[in-house]
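Structural description and commentary
Here are the chains, one letter per residue:
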Amino acid sequence: MFKTASSLAAITLAATTLFGATSSALAQEQVVNLYSARHYQTDEGMYEAFTRTTGIKINRVDADDAGILARLKAEGAASPADVILLVDAARLASADAQDLFQPIKSKVLDAAIPANLRAAPTAEGVTWTGFSTRARVIVYDPARVQASDVDSYEKLADPKLKGLVCTRSGSHPYNLSLFSTVVERLGDAKGEAWLKGVVANMARAPKGGDTDQIKAVASGECGVALTNSYYVARLIKSDKADDKAVMQKVKVMFPNQATSGTHVNIAGAAVAKHAKNPANAVKFMEFLASPFAQDYFANGNNEFPAAKGVSTSNPAIVAMGGASFKPENIPLGLVAKNQVKVQQMLDRVGYK
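Residues numbered from 1 in each chain as written. Predicted model: local features only at pLDDT ≥ 70, side-chain atom pairs only at ≥ 80, totals over all residues. Heavy atoms only, no water.

Attention shifts here to unusual backbone geometry. The residue Asn 256 is not glycine, and still its phi comes out positive at about 60°. Mapped onto the elements of the fold, Asn 256 is located in the loop between strand 8 (251–253) and strand 9 (264–272). Here Asn 302, not a glycine, exhibits a phi torsion of approximately 60°, which is positive. By the secondary structure assignment, Asn 302 is in the loop between helix 12 (291–300) and strand 10 (304–305). For Asn 302, a relative accessible area of 5% puts it in the buried group. (Helix = DSSP H or I, 4+ residues; strand = E, 2+ residues; numbered from the N terminus. Buried < 20%, exposed > 50% of the residue type's maximum accessible area, 1.4 Å probe, protein only.)

This part takes up the nonpolar core. If you look at the biggest cluster of nonpolar residues, it comprises 50 residues, and the most contacted ones within it are Ile 84, Phe 101 and Phe 131. When residues in this core are grouped by element, the largest group, 6 residues, is from helix 11 (residues 278–288). (Core = buried A, V, L, I, M, F, W, Y, C linked by side-chain atoms within 4.5 Å.)

Further remarks concern the pattern of salt bridges. Scanning the entire structure with this criterion turns up 17 salt bridges. A salt bridge links Arg 60 to Glu 44; its shortest N-O distance comes to 2.7 Å. A residue pair is termed long-range when its members are at least 10 positions apart, and Arg 60 in strand 2 (residues 57–62) and Glu 44 in helix 2 (residues 43–54) qualify at 16 residues. Between Asp 210 and Arg 136 there is a salt bridge, with the nearest N and O atoms lying 2.5 Å from each other. One end of the pair, Asp 210, is in helix 8 (residues 210–219); the other, Arg 136, is in strand 5 (residues 128–140), and 74 residues separate them in sequence. The class for Asp 210 is buried, based on a relative accessible area of 1%. Taken together, the salt bridges that share partners define one network made up of Arg 38, Asp 43, Arg 134 and Glu 303. (Salt bridge = Lys/Arg side-chain N within 4 Å of Asp/Glu carboxyl O.)

We now examine the environment of Ile 104. In this fold, Ile 104 is placed in the loop between strand 4 (101–102) and helix 5 (107–112). By relative accessible area, Ile 104 is classed as buried at 12%. A C-alpha to C-alpha distance of 41 Å links Ile 104 and Cys 166, two positions 62 residues apart in sequence.

Summarising burial for strand 5: 13 of the 13 residues are buried, a large majority. When strand 5 meets strand 9, the two strands line up antiparallel, connected through 7 bridges. Looking at the pairing, Trp 128 lines up with Ala 270 of strand 9. Pairing geometry for strand 5 and strand 10, over 2 bridges, is antiparallel. From the neighbouring strand, Ser 132 faces strand 10, where its bridge partner is Pro 305. Two elements, strand 5 and strand 7 (residues 224–228), share 5 bridges in a ladder whose sense is antiparallel. Note on strand 7: the bridge partner recorded for Ile 138 is Leu 226. With 3 bridges connecting them, strand 5 and strand 8 associate as antiparallel partners. Pairing of Val 139 across the sheet is with Val 252, part of strand 8. (Pairing = 2+ DSSP bridges.)

Here it is in structure tokens:
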């Protein structure tokens, strides 16, 4: 049956009205598009709370840091990304150097986050900001090593520890950030000599992840190892008998408490250079600095709050002695610039 001209006009008008209403609704929907390298299920509650509080929906893409940066470069100006969330200061600094972020100005972030956990400010603003920290601690076997022999990173190169030291790859970002900090403090010549001494003290070639280093100390393969603090906390909180047995055999040291402080790295965020929703992106970043979100970081993934005046009561962190440790205050943006130079040092001294 054919439609009359008048009925076709009515259908067209109805469709136009419906499309217009739909387009209006879409235009009013508030969103922020997040590219995240964090893969922690506990973050879900934090994201849901942001949406409940602000009405802004989060569209999330998950990948590792390298994958996110490659995607941003491939997408260029067409990228839908508003916020980039990465888990290492060096990676944030690298992305910044590749012009993938835009500077923002936020009195909330300026007041909440210490300057050494953010990119250096410019007249246009700050490009990236840390929202949680993790300490690079030393785990040791008290049956083989005295606490006084591992109370600083510098002592990892002491011949007293020959044949006892274990780490993951020296080129891994967790170690590269630590080593860059040590070189920043000691200077190039002494820093490279220190790396050479650490290599000379190795119990075996670098391999595995941070949890593997802890277990290697417990098994007797190593006497001393480097690890991020949240890996220790996970084992402390574990219900598995094997994990409990591991933690009964090792102790944790927060190095350099009497001097420069323990090295910390960050998980941090930035507004993407071509963000389509920059105002929502800033709101999201300000939310990450709130006491509510900081508590999620601390209790969800056993990290330390980055915001000033926010402490943690996480029992695993308290158990390892990290509730009030002294962190170093060298700006992470400055440290990140050392990494190419430090990688060359690692190659020269044979640190795989």
